[in-house]
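# Examination of the molecular architecture
Below, each chain spelled out in residue letters.
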Amino acid sequence: FFQAEDGIRDTSVTGVQTCALPISSLVGVAQVQRTQTPVSIPLRRLTYPASQAGYELEAVNFAAVERLASAGRLLDDVLPLNSEIGDTIEAEAFCGASYSDRVAPVASLRRVERAATKLGDQLDSITISAPPGVTLSSDTGQFSATVTNGLDVTVRVRLAAESDRPMRLTLPDELTLPPNGSTMVLLDARTRASGVHNLVLAVTDLDGRRLGSSATVPVRSLAVSRVIWLIMGFGGVLLFGTIGLRAVRRLRGRRSGEAA
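Residues numbered from 1 in each chain as written. Predicted model: local features only at pLDDT ≥ 70, side-chain atom pairs only at ≥ 80, totals over all residues. Heavy atoms only, no water.

### Regarding the overall build of the protein
The secondary structure content of the protein amounts to 6 helices and 13 strands. Going through the 260 residues of the protein one by one, you find that 28% of them count as buried. Contacts spanning at least 24 positions in sequence make up 65% of the contacts within the protein whose residues lie at least 6 apart. (Helix = DSSP H or I, 4+ residues; strand = E, 2+ residues; numbered from the N terminus. Buried < 20%, exposed > 50% of the residue type's maximum accessible area, 1.4 Å probe, protein only. Contact = heavy atoms within 4.5 Å.)

### Here's the deal with the pairing of strand β13 (residues 210-221)
Relative to β13, strand β6 (residues 134-136) is paired through 3 bridges, and the arrangement is parallel. When the sheet's bridge partners are listed, L136 is paired in β13 with S221. With 9 bridges joining them, strand β12 (residues 195-204) and β13 adopt antiparallel strand pairing. Paired with H197 across the bridge in β13 is V219. Linkage of β12 to β13, two consecutive antiparallel strands, is achieved through a turn of 5 residues, within which G208 is found at a positive phi near 90°. (Pairing = 2+ DSSP bridges.)

### Points about the environment of D76
Note that D76 resides in helix α3 (residues 59-78). Residues D76 and G86, spaced 10 residues apart in sequence, show a C-alpha to C-alpha distance of 4.8 Å. Not counting the four nearest positions on each side in its chain, D76 is found in contact with N82, S83, E84, I85 and G86.

### Side note on the sheet that holds strand β7 (residues 140-149)
Judged by pairing direction, the sheet is antiparallel, and its 4 strands sit side by side in the order β5-β7-β11-β9 without closing on themselves. On the outer flanks of this sheet lie β5 (126-129) and β9 (168-170), each paired with one strand and no other. On average, adjacent strands in this sheet sit at an angle of 30° to one another, irrespective of strand direction. Bridge count for β9 against strand β11 (residues 182-190) is 3 bridges, and the pairing is antiparallel. By the bridge assignment for β11, T170 is matched with D188. (Axes fitted to C-alpha atoms, helices over the stretch in contact; angles between N-to-C directions.)

### Some thoughts on helix α5 (residues 105-124)
With 20 residues, α5 extends 28 Å between its outermost C-alpha atoms, agreeing within 8% with the 28 Å of an ideal straight helix rising 1.5 Å per residue. Among all positions of α5, only S108, L109, R111, V112, A115, A116, L119 and L123 are buried. Axial view of α5: buried residues confined to an arc of 165°, hence all on one face. (Expected span 1.5 Å × (residues − 1). Arc of directions from axis to C-beta.)

### Digging into the environment of A104
Relative to the helices and strands, A104 is located in the loop between α4 (85-94) and α5. Sequence separation between A104 and L57 is 47 residues; the distance between their C-alpha atoms is 9.3 Å.

### Quick word on α4
All buried positions along α4 are accounted for by I85, G86, I89, E92 and A93. End-on view of α4: buried residues confined to an arc of 130°, all on one side of the axis.

### Side note on a nonpolar patch on the surface
Judged by side-chain polarity, V39, I41, L43 and L46 come together as a nonpolar surface patch covering roughly 460 Å² of accessible area. Tracing the backbone through its elements, the reader meets V39 in the loop between α1 (29-35) and α2 (50-53). Take V39: its relative accessible area is 63%, and that puts it in the exposed class. (Patch = residues over 30% accessible without salt bridge, like charges linked within 9 Å, V, L, I, M, F, W, Y side chains within 5 Å. Areas by Shrake-Rupley, 256 points an atom, 1.4 Å probe, with all protein chains shown as cover. Salt bridge = Lys/Arg side-chain N within 4 Å of Asp/Glu carboxyl O.)

### Some points on the side chain of D205
Checked against the element boundaries, D205 lands in the loop between β12 and β13. At 2.9 Å, the side chain of D205 and the backbone nitrogen of G208 are in polar contact. When residues no more than four places from it in sequence are discounted, the contact partners of D205 are L74, D77, V78, R158 and L211. (Polar contact = N/O pair within 3.5 Å; in protein donor to acceptor, adjacent residues only side chain to side chain.)

### Here's the deal with the pattern of salt bridges
Going through the model one piece at a time under the given rule, you end up with 7 salt bridges. Residue E66 pairs with R73 through a salt bridge whose shortest N-O separation is 3.1 Å. The salt bridge involving R209 is made with D77; its shortest N-O contact spans 2.1 Å. Taken together, the residues R209 in the loop between β12 and β13 and D77 in helix α3 connect sequence positions 132 residues apart. Given the relative accessible area of 26%, D77 is considered partly exposed. One salt-bridge network, in which partners are shared between bridges, spans E66, R73 and E90.

Here it is as structure tokens:
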């Protein structure tokens, strides 16, 4: 059994007003038996009043609550020194779908959306930057990217990469960044397809969920396929063979002229 507790508090996590925590407290069965007298009610009398139906929250309210709870779990995953912030924000998010919020659904929605936006801005402050363009002189090459932590707490993240053309990229397993710190990462790229590869680098949590920041890097590969190398090699052999054959014919012609 649960006993609801009402209240308002200001939290430093989201910077907006939310309901007090905890939102409920446990009540023992014995206490309920002492304070309540059991009454039998026929099922036909259990109806949902139309007046209560008018107070139902819209789907947009529940969607905002889920966005806030998801952002809280994501922030919790990137903060290795804080294991409680996810539960705290999730509990605050559930207040946006509470019974008491039915009387002011618009205000409740705005409050939850402001909190979700603030958390999103905090996650977006963990950024990645890369060169405006990279050229690989062969099928392999290296280039660097910089990951910056704009938060005043330590974070632990990973990098993810996607390319519109086949490319292998060696990424670090995980990165731990100090408060307001940054680190440079050296990336190894490999491809057998020549041309321009549009590579997208993104910052994620340890489970691969993107935090929001990303960088697009056009990678130009000058790699030449094996078939082209064979054609060029055959052309070189044919060229030097022709030159050698002409030289032999000229030498023979000179010897024939001297003998005559």
